[in-house]
Structures are given as structure tokens and as C-alpha cells.
Amino acid sequence: MISQKVIDRINVQIEREMYSAFLYMTMSAEMSKQGYTGIAKWLMVQYHEEMFHAMKFYKYLIEQGAKPAVPAIKEAQVKSGIGIKELFTEVLKHEKTVTASIRELLELASAEKDYATENVVRWYIDEQVEEEKNAEEILQNIELLGENKQGLFMLNIELGKRELSVASNFVSFT
Ligand code: OFO
């Protein structure tokens, strides 16, 4: 049986995942404005990934007979005119905070001997390894390219090839 403490903490995590989604959407809008359409697409795919993360927890609470809270999301801010190196530094920094938050949730589930929640949260632990790795790799590429405009142009095209790998239809999550 899932405890109220765990339900409340999962609701907090739903809010954090949705905030991540809106942060990446805001970043995507900024990149579109700057003409980095490939990076904007990469970030919009990330928006969907984050909504999936939120909805996966939402679905889990429904399955557990709990009622998920629908959170108010605070406005995500991205500096106007931000450079791509700074932007992906922000992405990596943000993902590290999400990793810490997921670990905290795992520790709670473990302390509560809530093995079902532990299993679900472990999926997110793996996912965070991937999320940090993606941001780190892009950042490394940006650093390698430096002021190489042609290289940055190609990187923008490359990142625009990212496709959605998760289910974005949440109607079945009911
Ligand atoms: Fe949900 O992983 Fe990023 O924030």
C-alpha cells in the first residue's frame, strides 16, 4: 500500500517534471527566435520527454488508486539572447538537480519499504543517466567547435534530427 507521504512526494516530482517540460519549451522558443531551428526542435522533443516523465508518475498514482494533483507550474525563465554554450550548461545543471530529486524520491520509497514505487523510480534513475549524458555530449561538441561557425551550423542540423522516442498520447493514462 502506497503511503500518503510517497503520494505527496510523487506529486512534487510530477510538478518538477512539468516544470522541466516548460523550461525546455521556453528554451526552444528562444532558440527558434535566434534561428537555431534544429536546437529548437531538439528542445521541443525534450519537452515531450519531460511531459512523458510527469505522466508516467501520474499513471502510476492512478494505478495505485491515488489521485494525482494537477500542479500550478511556475514560469520558466531563459535569458533573451542566451548563447548555445550557456544554454546547454543550463540544461546540464537543471538535469543534475532533477537527478538529485529522483534520488531523494528513491530514498524515501526505500525508507518506506515501498518496493513497487522503488521499481518505478529506478526507471527514472536510468533515464537521468541518459539525460545528463545527452547534455554533456552536446556541451562537449559545442566546446570542441568553439567559434567554428560552419561546425555550429552542422551541429544545429544534427540536433534537429532528434525524434520523439516516447509515447506522447496520454489519453490511455486514465
Ligand atoms: Fe525528467 O528528466 Fe529531464 O528533467
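Cut-offs applied
- Residues numbered from 1 in each chain as written.
- Predicted model: local features only at pLDDT ≥ 70, side-chain atom pairs only at ≥ 80, totals over all residues.
- Heavy atoms only, no water.
- Helix = DSSP H or I, 4+ residues; strand = E, 2+ residues; numbered from the N terminus.
- Polar contact = N/O pair within 3.5 Å; in protein donor to acceptor, adjacent residues only side chain to side chain.
- Contact = heavy atoms within 4.5 Å.
- Expected span 1.5 Å × (residues − 1).
- Axes fitted to C-alpha atoms, helices over the stretch in contact; angles between N-to-C directions.
- Parallel < 35°, antiparallel > 145°, perpendicular 65-115°, else oblique.
- Nonpolar A, V, L, I, M, F, W, Y, C, P; charged D, E, K, R; others polar.
- Buried < 20%, exposed > 50% of the residue type's maximum accessible area, 1.4 Å probe, protein only.
- Arc of directions from axis to C-beta.
- Core = buried A, V, L, I, M, F, W, Y, C linked by side-chain atoms within 4.5 Å.
- 1 Å grid on protein atoms, 1.4 Å probe; cavity = no way out; pocket = protein on both sides within 12 Å on 5 of 7 lines; lining within 4 Å.
- Points joined across faces, edges and corners; volume = space filled by probe spheres on them.
- Phe/Tyr/Trp six-rings, centres within 6.5 Å; stacked < 30°, edge-to-face > 60°.
- Lys NZ or Arg CZ within 6 Å of the ring centre and 35° of its normal.

Q: Please provide a residue-by-residue account of the side chain of Glu 95, values included.
A: Here Glu 95 shows up in helix 3 (residues 84–111). Within the structure, the side chain of Glu 95 is placed 3.0 Å from the side chain of Gln 128, a separation counted as a polar contact. Residues in contact with Glu 95, not counting those within four places in the same chain, are Tyr 24, Gln 46, Glu 50, Gln 128, Glu 131 and Glu 132.

Q: An account of helix 3 is needed here, citing residue identities and associated values.
A: Under the 1.5 Å per step criterion, the end-to-end length of helix 3 is 41 Å for 28 residues, consistent within 8% with the ideal 40 Å. Once helix 3 ends, the next one or two residues include Lys 113, with phi positive near 55°.

Q: Quick rundown of unusual backbone geometry? Include the residues and the values.
A: With a phi angle near 55°, Lys 113 is a residue other than glycine that sits in the positive phi range. In this fold, Lys 113 is placed in the loop between helix 3 and helix 4 (115–145).

Q: I'd like a description of the packing of helix 2 (residues 37–63) against helix 4, backed by residues and values.
A: The contact between helix 2 and helix 4 brings their axes to 11 Å, and the two run at 170°. Comparing their axes, helix 4 and helix 2 come out roughly antiparallel. Contacts between helix 2 and helix 4 involve Trp 42, Gln 46, Glu 49, Glu 50, Phe 52, His 53, Lys 56, Phe 57 and Tyr 60 from the former and Ala 116, Thr 117, Val 120, Val 121, Trp 123, Tyr 124, Glu 127, Glu 131, Asn 134 and Ile 138 from the latter. Grouping the constituent residues of the contact of helix 2 with helix 4 by class yields 10 nonpolar, four polar and five charged.

Q: Just give me the short version of helix 5 (residues 149–159), but keep the residues and values in it.
A: Where helix 5 is concerned, the buried positions are Gly 151, Leu 152, Leu 155, Asn 156 and Leu 159. Projected onto a plane normal to the axis of helix 5, the buried residues spread over an arc of 145° and lie on a single side. The exposed set on the far side of helix 5, more than 90 degrees from its buried face, consists of Gln 150 and Phe 153. Those residues of helix 5 that are buried are in contact with helix 2, helix 3 and helix 4.

Q: Now, about the nonpolar core: what can you tell me, with residues and values included?
A: In this structure, Ile 2, Ile 10, Ile 14, Phe 57 and Leu 61 are the most contacted members of the largest nonpolar core, which totals 27 residues. When contributions to this core are tallied by element, the ones reaching two or more residues are helix 1 (4–34), helix 2, helix 3 and helix 4. Take this core: its biggest share by element is eight residues, from helix 2. Beyond its immediate stretch of four places on either side in the chain, Phe 57 contacts Ile 10, Gln 13, Ile 14, Ile 102, Leu 105, Val 120, Val 121 and Tyr 124. Listed in part, the 24 residues of the second largest apolar core include Tyr 24, Ala 76, Ile 84 and Val 91.

Q: Residue-level account of the layout of surface pockets, with values.
A: Considering only enclosed or pocket space, the largest pocket measures out at about 170 Å³ in volume. Of all the secondary structure elements, the ones that give two or more residues to the lining of the largest pocket are helix 1 and helix 3.

Q: Tell me about the packing of aromatic side chains, and name the residues and values.
A: Applying the stated criterion across every chain yields a total of seven aromatic pairs. For the pair Trp 42 and Phe 88, a centre-to-centre distance of 5.5 Å together with 70° between the ring planes defines the contact as edge-to-face. On the criterion of sequence distance, the pair formed by Trp 42 in helix 2 and Phe 88 in helix 3 is long-range, its members being 46 residues apart. Ring-pair connections join several aromatic residues into one group, and the members of that group are Phe 52, Phe 57, Trp 123, Tyr 124, Phe 170 and Phe 173. Here the basic side chain of Lys 56 rests over the ring of Trp 123, its NZ or CZ set 4.6 Å away from the ring centre. Against the face of Phe 173 rests Lys 59, its NZ or CZ located 5.6 Å from the ring centre.

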